[in-house]
Amino acid sequence: MRAQTSQPVHEILATRRSPRSLNESSEIAPADLLAILEAARWAPSAMNGQPWRFIVGVRGDATFNKILEALAPTNALWAKNASALVLTLGESTKADGQINPDYKYDCGLAVAQMVFETHHRGFIAHQMSGFNKESATKLFEVTANLTPVVVVAIGKQDVPEKLEGQLYDREIAERVRKPLSEIVIKGLPS
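Residues numbered from 1 in each chain as written. Predicted model: local features only at pLDDT ≥ 70, side-chain atom pairs only at ≥ 80, totals over all residues. Heavy atoms only, no water.

**Student:** Please explain the pattern of salt bridges as it appears in this structure.
**Tutor:** Oppositely charged side chains may form a pair once their charged atoms are brought near each other. By the definition in use, this model includes seven salt bridges. In this structure, Arg41 and Glu38 form a salt bridge, with 2.9 Å as the shortest nitrogen-oxygen distance. In this pair, Arg41 and Glu38 are both assigned in helix H2 (residues 30-41), three residues apart and thus about one turn of the helix distant. The class of Arg41 is partly exposed, set by a relative accessible area of 43%. A salt bridge links Asp158 to Lys162; the shortest N-O distance between them is 3.1 Å. We classify Lys162 as partly exposed; its relative accessible area is 33%. Linked through salt bridges whose partners overlap, the residues forming this network are Glu24, Asp158 and Lys162. (Salt bridge = Lys/Arg side-chain N within 4 Å of Asp/Glu carboxyl O. Helix = DSSP H or I, 4+ residues; strand = E, 2+ residues; numbered from the N terminus. Buried < 20%, exposed > 50% of the residue type's maximum accessible area, 1.4 Å probe, protein only.)

Structure (structure tokens):
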């Protein structure tokens, strides 16, 4: 379902969704997964700090299962069918020990590029903040300077009917956004 944009935008942006119905038999080739991570690597970064780090699990391996274990139960219900799960972490401190106030912003840019490349390659990406950050930190013995930010499920979309209740309703819901006039506080071109 294509977004009803007020202005023409790139087709990937207009058609991108974050579905939950994933094909449990779909696999992702290592070359595709590497390219998705490479896209994230080349994201813009404040002072070129590149504070993002990734823990990548492919369905069936121990890393995937650990990431799945940290997910909120509702997310784990459908994310178990993903081809890959990527736990994104951010360096909350700089190399000199100072607090990095921008690390989440930079991680968001890296994940955005990851999502774009994922969709470009015919997969979908669904980003989740619904996971236990403390659990993820313990499961992967994450160092103190790294903070879990988001988990991204990557896979092939399947039919909405695989889902039930609210998950199904959200899967078939129209894609909507606030109008530009509501989010541009000042300076909206006419």
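**Student:** Looking at this structure, I do not really get unusual backbone geometry. What am I missing?
**Tutor:** Working note: non-glycine residues mostly have negative phi, and peptide bonds are mostly trans. Residues other than glycine seldom take positive phi values, yet Asn48 does so here, at roughly 55°. By the secondary structure assignment, Asn48 is in the loop between H2 and strand S1 (52-58).

**Student:** Explain the packing of aromatic side chains to me, please; I cannot follow it from the model alone.
**Tutor:** Any aromatic ring pair is given by two values, namely how distant the centres are and how the planes are angled relative to each other. A complete count under the given rule lists zero aromatic pairs for this structure. Lying over the aromatic face of Phe131, Lys133 brings its terminal NZ or CZ to 4.4 Å of the ring centre. The ring of Phe123 is capped by Lys156, whose NZ or CZ atom sits 4.5 Å from the centre of that ring. (Phe/Tyr/Trp six-rings, centres within 6.5 Å; stacked < 30°, edge-to-face > 60°. Lys NZ or Arg CZ within 6 Å of the ring centre and 35° of its normal.)

**Student:** What exactly am I supposed to notice about the pairing of strand S4 (residues 146-155) here?
**Tutor:** In the case of a regular strand, side chains alternate between the two sheet surfaces. Most of S4 sits out of view: nine of its ten residues are buried. Two elements, strand S2 (residues 84-91) and S4, share eight bridges in a ladder whose sense is antiparallel. Counted as the bridge partner of Glu91 is Leu146 from S4. (Pairing = 2+ DSSP bridges.)

**Student:** Hey, could you run me through the side chain of Arg17 in this one?
**Tutor:** Here Arg17 shows up in the loop between helix H1 (11-15) and H2. At a separation of 3.1 Å, a polar atom in the side chain of Arg17 contacts the main-chain carbonyl oxygen of Ala173. Excluding residues that lie within four positions of it along the chain, Arg17 makes contacts with Met1, His119, Ala125, Arg170, Glu171, Ala173, Glu174 and Arg175. (Polar contact = N/O pair within 3.5 Å; in protein donor to acceptor, adjacent residues only side chain to side chain. Contact = heavy atoms within 4.5 Å.)

**Student:** How do you make sense of the pairing of S2 when you look at a structure like this?
**Tutor:** Counting buried positions along S2 yields eight of eight residues, so the element is predominantly enclosed. Side chains Ala84, Val86, Thr88 and Gly90 project from S2 onto one buried face, and the interleaved Leu85, Leu87, Leu89 and Glu91 project onto a second face that is buried too.

**Student:** Just checking my understanding: could you explain the layout of surface pockets for this structure?
**Tutor:** Regions of empty space are outlined by a rolling probe, equal in size to a water molecule, passed over the atoms. What the largest pocket holds in volume is close to 500 Å³. In terms of lining residues, the largest pocket is bounded by 19 residues, among which Gln4, Thr5, Ser6, Arg177 and Lys178 are the most central. Counting residues per element, the ones that place at least two in the lining of the largest pocket are H1 and helix H8 (180-183). Looking at the lining of the largest pocket, the element that brings in the most residues is H8, giving three residues. Of the residues assigned to the lining of the largest pocket, the class counts are ten nonpolar, five polar and four charged. The volume enclosed by the second largest pocket comes to roughly 260 Å³. Lining the second largest pocket we find 13 residues, and of these Arg17, Ser18, Arg20, Arg170 and Arg175 sit closest to its centre. The residue inventory of the lining of the second largest pocket, partitioned by class, reads three nonpolar, two polar and eight charged. (1 Å grid on protein atoms, 1.4 Å probe; cavity = no way out; pocket = protein on both sides within 12 Å on 5 of 7 lines; lining within 4 Å. Points joined across faces, edges and corners; volume = space filled by probe spheres on them. Nonpolar A, V, L, I, M, F, W, Y, C, P; charged D, E, K, R; others polar.)

**Student:** What should I look at first to understand the sheet that holds S1 in this one?
**Tutor:** The strands that make up a sheet are held in pairs by hydrogen bonds between backbone atoms, and each pair lies either parallel or antiparallel. Pairing is antiparallel across the open sheet formed by four strands, whose spatial order is S1-S2-S4-S3. Two strands close off the open sheet at either side, each with one partner strand: S1 and strand S3 (124-128). Each neighbouring strand pair of the sheet contributes to a mean axis angle of 25°, computed without reference to strand direction. Sheet strands touched by H2: S1, S2 and S4. Its angle to S1, the strand with the most contacts, is close to 170°. (Axes fitted to C-alpha atoms, helices over the stretch in contact; angles between N-to-C directions.)

So, to be careful, I would describe these as geometric facts and stop short of saying anything about function.
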